[in-house]
Amino acid sequence: MSDSRPILILDSGVGGLTVLREVRFKLPFERLVYVIDDAGFPYGGWSEDGLKGRLVELVGQQIDQHDPKVILIACNTAFTLAGDELRAAFPERLFVGTVPAIKPAAARTRSGLISVLATPGTVQRTYTRDLIEAHARECHVRLVGSDRLAGMTEAHLRGDDLEDEALLREIRDCFLEEGDRRTDVVVLACTHYPFLANRFREVAPWPVDWIDPAEAIARQLARVTPRGATGDVPAAPDLAILTSGRCEAVTVRLLHGFGLRI
Ligand code: DGL
């Protein structure tokens, strides 16, 4: 029996699109509903209790409206905080989360110096500390929280210029030298940041491996998703929903480019 219900993807902004594009590639026949909680953007600065409550309520509303077969939280800030609450609140639903790619980074580093670039929320989470403890005890992991980069990504997609200096200020703390060793892996632990990866490469003090977890997340999603009718283009279009109820023309164009109707 095929399951034609949609996959729900949620982020506070356009960052989830970096994951959605991989999902579209891995699961081309699945119907997607992309929820942008722009009324709550940025998640990075929220208090923990406030954001948990918001996420449980928002996901509950979306479940009622769309009856998704899987819910992908395409946001490190949200999932590292509220993954457990969401699973507990909706035990009959399947969730796939996004967490900092510390395990692959530890497997890849040669110098043993890794940095995790994320929102201030994600770097403070116990979840993130537990990942380091579980997978990267042998490494020196530096957590770098930026309260500006997610907003800079949104602004850049809307056409604003990004000054090299401003970008470098946000990423500079990722680059650490200890004796003859230096950071060689930086984890992009906010789904917005892969859109800026090429700019990071341009301004970085030295070349590093920038880890974007999108492909691994899409692979995990593909593993757990009950399949729709493969070979059938879904009758209903893929949707984007903005919690503010407002969408600038440039965002409409962007979302259309990702195959989403608003
Ligand atoms: N894209 C989100 C993440 O992965 C968060 C951006 C924000 O709302 O601060 O962490």
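Quick note: structure is the one above.
Residues numbered from 1 in each chain as written. Predicted model: local features only at pLDDT ≥ 70, side-chain atom pairs only at ≥ 80, totals over all residues. Heavy atoms only, no water.

Draft legend 1. Highlighting the overall build of the chain. For the chain, the helix and strand inventory stands at eleven helices and eleven strands. Taking 262 residues into account, the globule formula puts the C-alpha radius of gyration at 18 Å, and the chain, at 18 Å, falls close to it. Projected onto its principal axes, the C-alpha coordinates of the chain cover approximately 60 × 40 × 40 Å. Here the chain holds 262 residues, and 52% of them are scored as buried. On the chain, roughly 12100 Å² of surface is accessible, and the fraction owed to carbon and sulfur atoms is 47%. Averaged over its 31 positive side-chain charges, the chain has a centre that lies 4 Å from the centre of its 37 negative ones. (Helix = DSSP H or I, 4+ residues; strand = E, 2+ residues; numbered from the N terminus. Rg over C-alpha atoms; globule rule 2.2 N^0.38 Å. Buried < 20%, exposed > 50% of the residue type's maximum accessible area, 1.4 Å probe, protein only. Areas by Shrake-Rupley, 256 points an atom, 1.4 Å probe, with all protein chains shown as cover. Lys, Arg positive; Asp, Glu negative; His and termini not counted. Charge placed at Lys NZ, Arg CZ, Asp CG, Glu CD.)

Draft legend 2. Looking closely at empty space enclosed by the protein. Counted by the stated rule, this structure contains one cavity of 30 Å³ or more. Computed from the structure, the largest cavity encloses a volume of approximately 50 Å³. Taken together, the elements giving at least two residues each to the lining of the largest cavity come down to α7 (149–157) and α11 (249–257). Considering every element that reaches the lining of the largest cavity, the biggest residue donor is α11, with three residues. (1 Å grid on protein atoms, 1.4 Å probe; cavity = no way out; pocket = protein on both sides within 12 Å on 5 of 7 lines; lining within 4 Å. Points joined across faces, edges and corners; volume = space filled by probe spheres on them.)

Draft legend 3. The nonpolar core, seen in detail. Within the largest apolar cluster, 25 residues are counted, with the highest numbers of intra-cluster contacts made by I9, L17, V23, Y34, L72, L221 and L255. Sort the elements by how many residues they give to this core and helix α10 (residues 214–224) lands first, with five residues. Residues in contact with V23, not counting those within four places in the same chain, are L32, L72, A218 and L221. (Core = buried A, V, L, I, M, F, W, Y, C linked by side-chain atoms within 4.5 Å. Contact = heavy atoms within 4.5 Å.)

Draft legend 4. How the structure looks around the pairing of strand β11 (residues 239–242). Of the two faces of β11, the one lined by A240 and L242 is fully buried and the one lined by L239 and I241 carries no buried residue. Here strand β2 (residues 32–36) runs beside β11; their pairing, made up of four bridges, is parallel. By the bridge assignment for β11, I36 is matched with L242. (Pairing = 2+ DSSP bridges.)

Draft legend 5. Here's a closer look at the site of the ligand. Taken together, 14 residues form the shell around the ligand, and within it S12, Y43, T77, T191 and H192 come nearest. A distance of 3.0 Å separates an oxygen atom of the ligand from a polar atom in the backbone of G44. Between the ligand and T77 there is a distance of 2.4 Å, counted from an oxygen atom to a side-chain nitrogen or oxygen. In the complex, 99% of the free accessible area of the ligand, which totals 300 Å², lies under the protein chains. Class assignment of the residues belonging to the shell around the ligand gives a composition of six nonpolar, seven polar and one charged. (Near = heavy atom within 4 Å. Polar contact = N/O pair within 3.5 Å; in protein donor to acceptor, adjacent residues only side chain to side chain. Nonpolar A, V, L, I, M, F, W, Y, C, P; charged D, E, K, R; others polar.)

Draft legend 6. Spatial organisation of the packing of helix α2 (residues 48–66) against helix α3 (residues 76–89). Between α2 and α3, whose axes approach to 9 Å, the crossing angle comes to 55°. The angle between α2 and α3 places the two elements in the oblique class. With respect to the hand of their crossing, α2 and α3 are arranged in right-handed fashion. Contact with α2, carried on its side by E48, L51, K52, L55, V56 and V59, involves T77, A78, L81, A82, E85, L86 and A89 of α3 and no other residues of that element. Its residues assigned to classes, the contact of α2 with α3 shows nine nonpolar, one polar and three charged. (Axes fitted to C-alpha atoms, helices over the stretch in contact; angles between N-to-C directions. Parallel < 35°, antiparallel > 145°, perpendicular 65-115°, else oblique. Left-handed = near helix turned anticlockwise from the far one by under 90°.)

Draft legend 7. Highlighting the sheet that holds strand β5 (residues 113–118). Taken in spatial order, the four strands line up as β6-β5-β9-β10 in an open sheet, and their pairing is parallel. Lying at the two open borders of the sheet, with one neighbouring strand each, are β6 (140–145) and β10 (209–211). Geometrically, the sheet is characterised by an average inter-axis angle of 20° between neighbouring strands, direction not taken into account.

Draft legend 8. View of helix α6 (residues 126–135). Looking only at α6, the buried set comprises T128, L131 and I132. Viewed along the axis of α6, the buried residues span an arc of 95°, placing them on a single side of the element. Facing away from the buried side of α6 by more than 90 degrees, the exposed set consists of T126 and A134. In the core, the buried residues of α6 are packed alongside α3, α4 (102–108), α5 (120–124) and β6. (Arc of directions from axis to C-beta.)

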